[in-house]
Amino acid sequence: MFEFKLSIPDGCGYLKYVAKAKGEKFTDGEEGVLPVLSRRILVREAVQLNVRGKATKSFKLDNLLASKGSDTIRHQDLTVRAVSRPAWYAVLSLPYLMEFPHECCEQTFSRYYANALGAHIANSDPRIRETFDAWKAAGAEALKSPLETNPQLKAIALEATPWVREAEHETAARARLGGLFGEDRLKNEQARCIEKLAVSRNGDGRWPWFPGGPSSDYITLYILTGFARLNHLAGVAYPDFFASATESLDRRVSKDVKERLLMEKRDKIPFRVNGFDIRWMYMHSFRGVDPSKDKEPENQFVAHLKKEWPDLGLESQALAAIAMKRRGEDALAKEIMASIKERGVLSEELGMYWKVPYFFSSSVFAAPVSTQALIVEAFREVTGDEESAEACNVWLLKQKQTQDWTTTAATADAIYALMLGGGADLLAGDTLAEVTLGGEKVVPEKVEKGTGLWSVRYAADAISPKMGEITFTGAGEKGVAWGGVHWSYFEDVLKVRAHEPKELSVEKKYYKKTKGAKGTRLAAIGEALEPGDELVARIEIKSDRSYEFVHLSDGRPACAEPVDVLSSYRWRDGVGYYQSTKDAATHYYIDRLNKGIFVLETSFRVQQRGVFTGGIATIQCMYAPEFTAHSTAETVRVNAK
């Protein structure tokens, strides 16, 4: 075996080698290329900004502040991004309801709901209508640009310049939304959906899940409740078939109650109020909904609620509080809401939420977002607690930032909650969120109409350590504003400090896997690594909330080759992810990262002797990039035999 050392200068991306062998009769040779992992790497860090109302908060990019005096850090760029009115993301969710592809009755109603609510929002304030018209006009203007009139030029620009691709997507999305909120289109879509709902009912007056299927009490109650909410929120008239559908459902409820009372008397099975019963009461509590002709069901439900409400789930308790308030049972309604508020968790960033387990349910009503929306309604109507209602709305919007609202039903509920209590106030307005860096105000550029979204990019020569001192000021009396400061820089990998914001952090350690009489164990690597040893990278992720679509990149030392090189989808501890092995790193694409601690382990086989750098582990929420963190690098030493 022949060994030699190499001294490789900075900037060398690869080495070409030539090996020759010559004997008495034969000669042979081989040449190839060896990639060189740079000791300097590009690092990206960010701090997420958030504030409620017109408050001002301070934030820090600690590593940027600490870069003062460093002779190895080289700035790449720094970008400031702010969203002044995130409530617009509720409006931006309406096309999801309008264009959902399935033809079930629930989603036909959701399309009607979205178009009716869209018409209400668009006409609630002239400034909102101006925003939709501006988006539509911007899309029409974009069609006249050189990129649009020259397909070849556009293809080259989209391929070569990522920001052109992003701008193209944003302009198209806003322009399409502006077109969706045209007055004639909204009216026509509402009429089409109402006609479809009318003919989708079965002979008994109720709706199936899909046309032609068996009647569903849950789907029918969901649709009737939605009509009642639209009338309450936006004054939308009840359709002609509403009364007959309600009577049909009432007959079903009456029959069910009689059967349950008989079972209590005959079989000694106790009658207890359930979630469907309470939601039926809630639907009947809206103005314009005729009371049931049979008074027995509601009498039974009220009597049992007075005794059994502490045993109900959070969603049912909120429904019960609203229904009891509208029946005149003020004392009981306020008692329920006092209990709900007492169990809530209040966070400056996340608002108010509840740490109750949301067990899996196939019910159309079951979703944490739907429950939160009901609690917003209950705070406003039962106790007039606007402060708590606003805090709950903050949680709804923060969910939208890092995840989605999961279903069409939950999305409709969230929009309803955000629009209650003067939702137009959260959408209208021209005031922008303000950011200062190092005491100097950032001047917004390219402000988007409506959301008040703006971003400013600083080139490398304009970045200084003091810019790590950040303040953020909100844009209005109500609601929440958010944003992020993103910093990119080059640094020697062993000098990179960990970036561990409280929202998300990642830590990586290397261990040597050994086998003995007591089985397999992981030991600190120390100085004991030898070629052929199995090296394990253990990555621990901590998150203070749930995230969707997360990318984790784990750089590995040049001396190690992965044991498992096949890219595939995997499951570990209830988390699903796609694992992809590349030349210098292993990548994990996590569908959903739940709140708490998650650990990943990857095995490598040590191939070479020497001193190597292990690389850093970086994690980022792909659709909310301000949520990012990275670990430090670790030195790996492999001894000679």
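Residues numbered from 1 in each chain as written. Predicted model: local features only at pLDDT ≥ 70, side-chain atom pairs only at ≥ 80, totals over all residues. Heavy atoms only, no water.

Enquirer: Help me understand the overall build of the protein chain in this model?
Expert: Within the protein chain, the secondary structure is distributed over 19 helices and 25 strands. A buried classification covers 49% of the 641 residues belonging to the protein chain. For the protein chain, restricting intrachain contacts to residue pairs at least 6 apart in sequence, the fraction spanning at least 24 positions comes to 74%. Taken as a whole, the protein chain presents about 31,500 Å² of accessible surface, with 52% of it coming from carbon and sulfur. (Helix = DSSP H or I, 4+ residues; strand = E, 2+ residues; numbered from the N terminus. Buried < 20%, exposed > 50% of the residue type's maximum accessible area, 1.4 Å probe, protein only. Contact = heavy atoms within 4.5 Å. Areas by Shrake-Rupley, 256 points an atom, 1.4 Å probe, with all protein chains shown as cover.)

Enquirer: Any chance you could explain the pattern of salt bridges here in plain terms?
Expert: Proximity of charged atoms lets side chains of opposite charge pair with each other. Applying the stated rule across the entire model yields 41 salt bridges. Note that Lys258 is salt-bridged to Asp294, the shortest N-O span being 3.1 Å. Highlighted residues: Lys258 in helix H11 (residues 242-267) and Asp294 in the loop between helix H12 (275-284) and helix H13 (296-308), separated in sequence by 36 residues. Exposure remark for Asp294: the relative accessible area of 24% places this residue in the partly exposed category. A salt bridge links Glu440 to Lys466, with the shortest nitrogen-to-oxygen separation between them at 3.5 Å. (Salt bridge = Lys/Arg side-chain N within 4 Å of Asp/Glu carboxyl O.)

Enquirer: I keep staring at unusual backbone geometry and nothing clicks. Help me out?
Expert: With the exception of glycine, most residues fall at negative phi, and the peptide bonds are largely trans. Unlike most non-glycine residues, Lys446 shows phi in positive territory, near 50°. For Lys446, a relative accessible area of 81% puts it in the exposed group. The phi dihedral of Phe549 falls on the positive side, at around 60°, and the residue is not glycine. Structurally, the position occupied by Phe549 is in strand S16 (residues 547-555). Judged by relative accessible area, which is 42%, Phe549 ranks as partly exposed.

Enquirer: Sorry, what's going on with the side chain of Arg229 here?
Expert: Here Arg229 is to be found in helix H10 (residues 217-234). For Arg229, a relative accessible area of 3% gives the class buried. Residues in contact with Arg229, not counting those within four places in the same chain, are Tyr282, Phe286, Leu374, Glu377, Asp413 and Tyr416.

Enquirer: I tried to follow the nonpolar core on my own but got confused; where do I start?
Expert: Counting 108 residues, the largest nonpolar core has Leu94, Phe181, Trp207, Ile223, Phe227 and Leu305 as its most contacted members. The contacts of Leu94, once residues within four sequence positions are left out, are Ala114, Gly118, Ile121, Phe181 and Ile415. Counting 26 residues, the second-largest nonpolar core is a separate cluster that includes Val442, Ile463, Ala481 and Val496. (Core = buried A, V, L, I, M, F, W, Y, C linked by side-chain atoms within 4.5 Å.)

Enquirer: What am I meant to see in the packing of aromatic side chains here?
Expert: The relative placement of two aromatic rings is captured by the distance of their centres and the angle of their planes. The tally for this structure, following the rule as stated, stands at 17 aromatic pairs. Taking 4.9 Å as the distance between ring centres and 70° as the angle between the ring planes, the aromatic pair formed by Phe109 and Phe227 counts as edge-to-face. With Phe109 in helix H4 (residues 105-124) and Phe227 in helix H10, this pair connects stretches of sequence that are 118 residues apart. When the ring of Tyr547 is compared with that of Phe627, the centres are 5.5 Å apart and the planes differ by 65°; the resulting orientation is edge-to-face. With Tyr547 in strand S16 and Phe627 in the loop between strand S23 (617-621) and strand S24 (628-630), this pair connects stretches of sequence that are 80 residues apart. Every member of this aromatic cluster is reached through a ring pair, and the members are Phe109, Tyr112, Tyr113, Trp207, Tyr222, Phe227, Tyr238, Phe241 and Phe242. Of note, Arg201 hangs over the ring of Trp207, and the distance from its end group to the ring centre comes to 6.0 Å. (Phe/Tyr/Trp six-rings, centres within 6.5 Å; stacked < 30°, edge-to-face > 60°. Lys NZ or Arg CZ within 6 Å of the ring centre and 35° of its normal.)

Enquirer: Help me out: how do you make sense of the pairing of strand S13 (residues 504-516) in this one?
Expert: Both S13 and strand S15 (residues 534-543) contribute to a ladder of ten bridges, which runs antiparallel. Counterpart to Glu507 in the pairing with S15 is Glu540. Relative to strand S14 (residues 519-524), S13 is paired through six bridges, and the arrangement is antiparallel. Paired with Tyr511 across the two strands is Ala524, which belongs to S14. (Pairing = 2+ DSSP bridges.)

Enquirer: How should I be thinking about helix H9 (residues 183-200) in this particular structure?
Expert: What sets the pattern is the α-helix's 3.6 residues per turn: residues three or four places apart point alike. Taking 1.5 Å of rise per residue, the 18 residues of H9 would be expected to cover 26 Å, and the 26 Å separating its terminal C-alpha atoms lies within 8% of that figure. Those residues of H9 that sit buried are Leu186, Glu189, Gln190, Cys193, Leu197 and Ser200. One side of H9 holds all its buried residues, which, seen down the axis, span an arc of 105°. In this structure, H9 carries Asp184, Lys187, Asn188, Glu195 and Val199 as exposed residues pointing more than 90 degrees from its buried face. (Expected span 1.5 Å × (residues − 1). Arc of directions from axis to C-beta.)

Enquirer: Just to check I follow, could you spell out the confidence of the model for the protein chain for this structure?
Expert: Detailed reading of the predicted coordinates is not advisable wherever pLDDT is low. With 89% of its residues at a pLDDT of 70 or more, the protein chain shows a mean pLDDT of 85. Residue range residues 156-169 is modelled with pLDDT below 50. Its contacts to residues more than four positions away, or to other chains, number nine contacts. When the criterion is pLDDT under 50, residues 357-364 qualifies, and its contacts beyond four places in sequence or with other chains add up to nine contacts. (pLDDT = per-residue confidence, 0-100.)

Enquirer: Just to check I follow, could you spell out the packing of helix H17 (residues 386-402) against helix H18 (residues 408-419) for this structure?
Expert: In helix packing, the relevant descriptors are the interaxial angle and the interaxial distance, both defined with respect to the helix axes. Packing of H17 against H18 leaves a shortest axis separation of 10 Å and a crossing angle of 140°. Between H17 and H18, the crossing angle belongs to the class labelled oblique. Between H17 and H18 lies a crossing whose hand is left-handed. Here Asn393, Leu396 and Leu397 of H17 come into contact with H18, specifically with Ala414, Ala417 and Leu418. Class assignment of the residues belonging to the contact of H17 with H18 gives a composition of five nonpolar, one polar and no charged. (Axes fitted to C-alpha atoms, helices over the stretch in contact; angles between N-to-C directions. Parallel < 35°, antiparallel > 145°, perpendicular 65-115°, else oblique. Left-handed = near helix turned anticlockwise from the far one by under 90°. Nonpolar A, V, L, I, M, F, W, Y, C, P; charged D, E, K, R; others polar.)

Enquirer: Got a minute to help me understand the sheet that holds strand S4 (residues 56-60) in this structure?
Expert: As a general point, the strands of a sheet are linked pairwise by backbone hydrogen bonds and lie either parallel or antiparallel. Strand order in this open sheet of four strands is S4-S11-S8-S9, and the pairing throughout is antiparallel. The two strands at the open ends of the sheet, each matched to only one other strand, are S4 and strand S9 (440-441). Here S4 pairs with strand S11 (residues 469-473) via five bridges, running antiparallel. Bridging from a neighbouring strand, Lys57 pairs with Phe472 of S11.

Enquirer: Would you explain the packing of helix H16 (residues 368-383) against H17 in this entry?
Expert: One way to put it is that H16 packs onto H17 with a least axis distance of 8 Å and a crossing angle of 160°. Classified by the interaxial angle, the pair formed by H16 and H17 is roughly antiparallel. With respect to the hand of their crossing, H16 and H17 are arranged in left-handed fashion. Across the interface between the two elements, Pro368, Val369, Gln372, Ile375, Val376, Phe379 and Arg380 from H16 touch Glu386, Ser388, Ala389, Glu390, Cys392, Asn393, Trp395 and Leu396 from H17. A class-by-class count of the residues in the contact of H16 with H17 yields nine nonpolar, three polar and three charged.

Enquirer: Would you mind showing me how to read the pairing of strand S18 (residues 568-572) here?
Expert: Successive side chains on a regular strand alternate, one facing one side of the sheet and the next facing the other. Sheet topology places S18 next to strand S19 (residues 575-581); five bridges connect them, and they run antiparallel. Along S19, the bridge assignment pairs Trp571 with Gly576. Between S18 and S19, which pair antiparallel in sequence order, lie two residues; one of them, Asp573, sits at a positive phi of approximately 50°.

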